[in-house]
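Structural features, examined
So the chains spell out like this:
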Amino acid sequence: MTTFETIRESISPEINRLNERMRAALYSRSDLLNNVVETYLQSKGKQIRPIIVILSAKFFGNVNENVISGAAAIELLHNASLIHDDVIDETRTRRGRPTVNSIWDNHIAVLAGDYFVSNALQCSISTGDLRVISSISELGKTLSTGELDQIDIARRHNINEESYFSIIGRKTASLFRSCVEVGGYTAGATEADIETLANFMEKLGLCFQIKDDIFDYSHDEKVGKPTGNDLREGKVTLPLIYALQQPTKQAEAMRRLLNTDSLSDAEIDTLIEFAKAEGGIDYAYQTMERIRTEAFELLAPYADSEAKDAFLSLFNYIIKRHH
């Protein structure tokens, strides 16, 4: 198995083309907007999603300029959602750097996010493939409804494991599925092969979100968010959901505690420790292992290749990552 850094290095020419494509797409006649864009692009993150687009095209055998444009569309839409999320959550830093809303203000951040969305659609149009445009458009709708459903369920305090997976399927896994669709369409893959790899990647997306949620139960400066931040926002995730399902008096007391309108720091700590003590973290890891086994079975019929090995390694990286 290869490391994530090895995967990035193996497609570094394509990543360079991707970044050039995004920078060209985002250039405008507005000095302010160019300043916002340039500041934001100084911290591009791991770029896992466009990497998946490129690897999908490699898996199917063909990386061309339309693949790069499709990867740019995915990354621009993802970044737009992050910029808007930072406004909603009043986030001051991301990836160790000040957010757009903290440097300027919410007004400029929302407009910058809208600009990213528009350019994502423009990049998808440049592929000349209506399927790519449809995938990007549907993705935007799915991400929005996933976030709205999460807010609605948090307000009604009725989260369970089924609704949890429904939410993360839309707000996270759908993005990973779209990466494969865009990579496959632009590389000329068959619908059947795209569907198989998209199902694999959807499972990877579920594990990505589960692991991200686990981070909320332990303090780590590398993660970039304070412990219990999800609970402060009313989000109950898999470790606590599992713990709350246990038939104990303590679980009943914790369920009553969650029904309060606002949790104190002490109450959040109590819920976190309860989830740990009841095996919620272990259950989340067991769930990821089960999903990974299911995913690997999907790719088993395909011949060994550099792209296939990269996908399997990427899945392992997602589960084992520390931030």
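One numbering rule holds for all chains: residues counted from 1, following each sequence as written. With the structure being a predicted model, the display of local features is reserved for residues of pLDDT at least 70 and the display and counting of side-chain atom pairs for 80 or more, all residues being used for whole-chain, interface and lining totals. Hydrogen atoms and water are omitted, and side-chain values are computed over all heavy atoms in the structure.

A few points about the packing of aromatic side chains
For Phe, Tyr and Trp, rings pair up if their centres lie within 6.5 Å, where Trp contributes its six-membered ring, and each pair is then called stacked (planes under 30 degrees apart), edge-to-face (over 60) or tilted (otherwise). Tallied over the full model, the rule gives 12 aromatic pairs. Ring geometry for F59 versus F60: centroids 5.4 Å apart, planes at 80°, classification edge-to-face. With respect to class, F59 is no different from F60; both count as buried. Summarising the aromatic geometry, the rings of F59 and F311 are spaced 5.9 Å apart at their centres and angled 65° between planes, so their arrangement reads as edge-to-face. Here F59 is found in helix α4 (residues 48–60), whereas its partner F311 is found in helix α16 (residues 306–320), with 252 residues between them in sequence. The cut-offs for exposure are 20% and 50% of the maximum accessible area for each residue type, with area from a 1.4 Å probe on protein chains only; residues under the lower value are buried, those over the upper are exposed, and the others partly exposed. The secondary structure listing takes helices from DSSP runs of H or I that are at least 4 residues long and strands from runs of E that are at least 2 residues long, numbered from the N terminus.

Concerning the nonpolar core
Most often, soluble globular proteins keep nonpolar side chains buried together rather than apart. Of all hydrophobic cores here, the largest spans 101 residues; its most connected members are I52, F200, I210, L240 and F311. Among the elements that take part in this core, helix α5 (residues 65–89) stands out by supplying 12 residues, more than any other. Take the buried Ala, Val, Leu, Ile, Met, Phe, Trp, Tyr and Cys residues and link them wherever side-chain atoms come within 4.5 Å; each set so joined is a nonpolar core.

Remarks on the packing of α5 against helix α8 (residues 130–156)
Where α5 meets α8, the axes come as close as 11 Å, and the angle between the chain directions of the two elements is 25°. Judged by the angle between their axes, α5 and α8 are roughly parallel. Crossing of α5 against α8: the hand is right-handed. On α8, the residues touching A73, I74, L77 and D85 of α5 are I136, L139, G140 and E147. Amino acids outside the nonpolar list (Ala, Val, Leu, Ile, Met, Phe, Trp, Tyr, Cys, Pro) and the charged list (Asp, Glu, Lys, Arg) are all regarded as polar, and Gly is one of them. When its residues are assigned to classes, the contact of α5 with α8 shows 5 nonpolar, 1 polar and 2 charged. Every axis corresponds to a line fitted to the C-alpha atoms, with the helix fit spanning only the stretch in contact, and the corresponding angles, defined between N-to-C directions, vary from 0 to 180 degrees. Oblique is the label for any angle not under 35 degrees, not over 145, and not in the 65 to 115 range, which are roughly parallel, roughly antiparallel and roughly perpendicular in turn. Should the near helix be turned anticlockwise from the far one by less than a right angle, the crossing is termed left-handed; should it be turned clockwise, right-handed. It only takes one pair of heavy atoms within 4.5 Å for two residues to be counted as in contact.

Topic: helix α7 (residues 106–126)
Residue pairs spaced three or four apart in an α-helix point in one direction, given the helix's 3.6 residues per turn. Between its terminal C-alpha atoms α7 stretches 30 Å, which fits the 30 Å expected from 21 residues at 1.5 Å a residue. Along α7, the positions that sit buried rather than exposed are A109, A112, G113, Y115, F116, N119, A120, C123 and S124. The secondary structure elements touched by the buried residues of α7 are α2 (12–26), α3 (31–41), α5, α6 (100–103) and α8. We define a polar contact as two N or O atoms separated by no more than 3.5 Å, with the added condition that, inside protein, one atom must be a possible hydrogen donor and the other a possible acceptor, whereas residues neighbouring each other in sequence contribute only through side-chain atom pairs. The N-cap of α7, judged by a side-chain oxygen 3.1 Å from the amide nitrogen of H107 a few residues on, is D105. Looking one or two places after α7, you find G128, whose phi comes out positive at around 70°. Expected helix span is computed as 1.5 Å times (number of residues minus one).

Describing the state of the cysteines
The term disulfide is used for any two cysteine sulfur atoms that are within 2.5 Å. For the structure on display, the rule yields 0 disulfides. You can see C123 has no disulfide; the closest cysteine sulfur is in C179, sitting 14 Å from it. Looking at C179, the relative accessible area reads 0%, which means it is buried.

So, the layout of surface pockets
As a volume, the second largest pocket reaches approximately 170 Å³. Residues are said to line a cavity or pocket when one of their atoms sits within 4 Å of a point; the points come from a 1 Å grid over protein atoms alone, cavities being sets where a 1.4 Å probe fits but cannot get out and pockets being open sets with protein on both sides within 12 Å along at least five of seven lines. In terms of lining residues, the second largest pocket is bounded by 14 residues, among which T39, Y40, R97, P98 and T99 are the most central. Broken down by element, the residue count for the lining of the second largest pocket peaks at 3 residues, all from α3. Looking at side-chain class alone, the lining of the second largest pocket contains 6 nonpolar, 4 polar and 4 charged residues. Grid points are joined across faces, edges and corners, and a volume is the space filled by probe spheres set on the points.

Digging into the pattern of salt bridges
Definition used for salt bridges: Asp or Glu carboxyl oxygen within 4 Å of a side-chain nitrogen of Lys or Arg. Counted under the stated rule, the structure contains 21 salt bridges. Put simply, R17 and E65 hold a salt bridge, and the shortest N to O gap is 2.7 Å. Taken together, the residues R17 in helix α2 and E65 in helix α5 connect sequence positions 48 residues apart. Residue R17 is classed as partly exposed on the basis of its relative accessible area of 27%. With a relative accessible area of 48%, E65 lands in the partly exposed category. Counted as one network, the salt bridges with shared partners bring together R177, E181, E195 and E202.

Considering the confidence of the model for the protein
Residue-level confidence of the predictor, termed pLDDT, takes values from 0 up to 100. When pLDDT is averaged along the protein, the result is 90; 97% of the residues meet or exceed 70. Across the protein, element-level confidence peaks in helix α15 (residues 280–299) with a mean pLDDT of 97 and bottoms out in strand β1 (residues 93–94) with 82.

A look at the environment of L271
With respect to the helices, strands and loops of the structure, L271 is situated in helix α14 (residues 265–277). In this structure L271 comes out as buried when scored by relative accessible area, which is 0%. A sequence separation of 43 residues divides L271 from G228, and the C-alpha atoms of the two residues are 9.0 Å apart. Beyond its immediate chain neighbours, meaning those up to four positions away, L271 contacts L231, L240, M254, L257, L258 and L263.

What about unusual backbone geometry?
Non-glycine residue Q47 carries a positive phi angle of around 60°. Within the secondary structure layout, Q47 lies in the loop between α3 and α4. Despite not being glycine, E90 has its phi angle at roughly 55°, a positive value. You can see E90 is positioned in the loop between α5 and β1. Overall, E90 belongs to the exposed group, its relative accessible area being 61%.

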